[in-house]
Amino acid sequence: MSELVGNAVEHAGTEIDVWVSMRGATVHLAVQDRSTRPPLLRGSDPTRPGGVWAPGMGLRIVAATATAWGALPSSDGKVVLATPCGGAEAGVMTFFTDGGARLHVAVQHESNRITVTLTGELDRVSGPPLADVLDAAMDGGIRHVCVSMAQVGFVDVGGVRVLLRAHQVGKRRGVVFLLQDPQPHVVWLLRGTEAADLLLGAPLAPEGEPAMVPHAADGRDDRADGRDKRAGRRDERADERDRRADERDRSADMRDDTADERDRQADDREEWADDRERLAQERNHLLDERQQKVQEHQRWEDVREELADARDRDLRRREQEL
């Protein structure tokens, strides 16, 4: 628990919630923070200064002493879970995107290589959390990121966009990013979006035809140059799409700002209405007090008249007696 809490305090820097529960003889730990960035298990490096206190050792301790552990996205951050004691496989971490409904992600760290195994559906809903995992995986001394697609049953254009963006991030950071064992319909989609050569690392032969085997270094160089040019054109198109998306985001932000201003004006009008209502209530209260004072004054006038009548009666009685 101290490692989970310490990791949340150091890396998330937000408020945290801690849960400890027991089912039968098994203890379950959970720490929720307000950061959406997923934790990532780093490889061990005996030459790293700091020893067991070096960054990344806390999660390795969790992986070594937990039968199961992982992370779940929440509405306002993430929850890191662990079941201590047992024999977990060190170096493996589990993520569930979209609440676990569409995509399951397992991350295996080996030296300077990370293998990401996907199971389920990769689409525009489950893709953004995966993008965060891939971005975190390529942050550090990683040189190879391999995404296993053998158990992915569905991929849409939004999922391909996430993979292409991860490839661009890896290219900028000097990380080789490749897909492994995609199913035939996924290969068909990659070929249709001109992403197959870029993400699979080699040109694919058309369906029904054998793959071309290079026979000379010059041919390999020519094909590599062609792939680089096509990749450059694809990157330019992707950058153009990103610029358009940024423009749409800015327009959306402007609309949101306008809506916020309208909301603030509506709030001001409501406050003014409340002030008018309070003034009306105070005015009614003053009128009630005034009416009460008038009634009290009338009662005193009635008392004085009664006293005067009594005095007159008393005088008439004395005159009769005399």
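What this report covers is the structure whose coordinates are included nearby.

Criteria and cut-off values
Residues numbered from 1 in each chain as written. Predicted model: local features only at pLDDT ≥ 70, side-chain atom pairs only at ≥ 80, totals over all residues. Heavy atoms only, no water. Helix = DSSP H or I, 4+ residues; strand = E, 2+ residues; numbered from the N terminus. Core = buried A, V, L, I, M, F, W, Y, C linked by side-chain atoms within 4.5 Å. Buried < 20%, exposed > 50% of the residue type's maximum accessible area, 1.4 Å probe, protein only. Contact = heavy atoms within 4.5 Å. Salt bridge = Lys/Arg side-chain N within 4 Å of Asp/Glu carboxyl O.

Structural notes on unusual backbone geometry
Of note in this structure, Asp181 is not a glycine but carries a positive phi near 55°. For Asp181, the location among the structural elements is in the loop between β9 (176-180) and α5 (184-192).

Notes on the nonpolar core
The biggest cluster of nonpolar side chains holds 35 residues, and the ones touching the most others in it are Leu118, Val147, Met149, Phe177, Leu179 and Leu190. Mapped by element, the contributors of at least two residues to this core are β6 (103-110), β7 (113-122), α3 (127-137), β8 (144-155), α4 (157-173), β9, α5 and α6 (196-200). With sequence-adjacent residues up to four places away left out, Leu179 is seen in contact with Val147, Met149, Leu163, Leu190, Leu199 and Leu200. Core analysis: the second largest hydrophobic core is formed by eight residues, Ala8, Val31, Trp69 and Val80 among them.

Points about the pattern of salt bridges
Under the definition given, this model contains 14 salt bridges. Of the charged contacts in the structure, one is a salt bridge between Glu240 and Arg243, with a shortest N-O distance of 2.5 Å. Here Arg243 and Glu240 lie together in helix α7 (residues 217-321), a separation of three residues that amounts to about one turn. The partly exposed category is assigned to Glu240, whose relative accessible area is 30%. Residues Glu261 and Arg264 are paired through a salt bridge, measuring 2.5 Å at the closest nitrogen-oxygen approach. Residue Glu261 and its partner Arg264 are both found in helix α7; the two are separated by three residues, about one turn of the helix. A relative accessible area of 34% means that Glu261 is categorised as partly exposed. According to the relative accessible area criterion, Arg264 is partly exposed, its value standing at 46%.

Everything listed here is a matter of geometry and, on its own, says nothing about what the molecule does.
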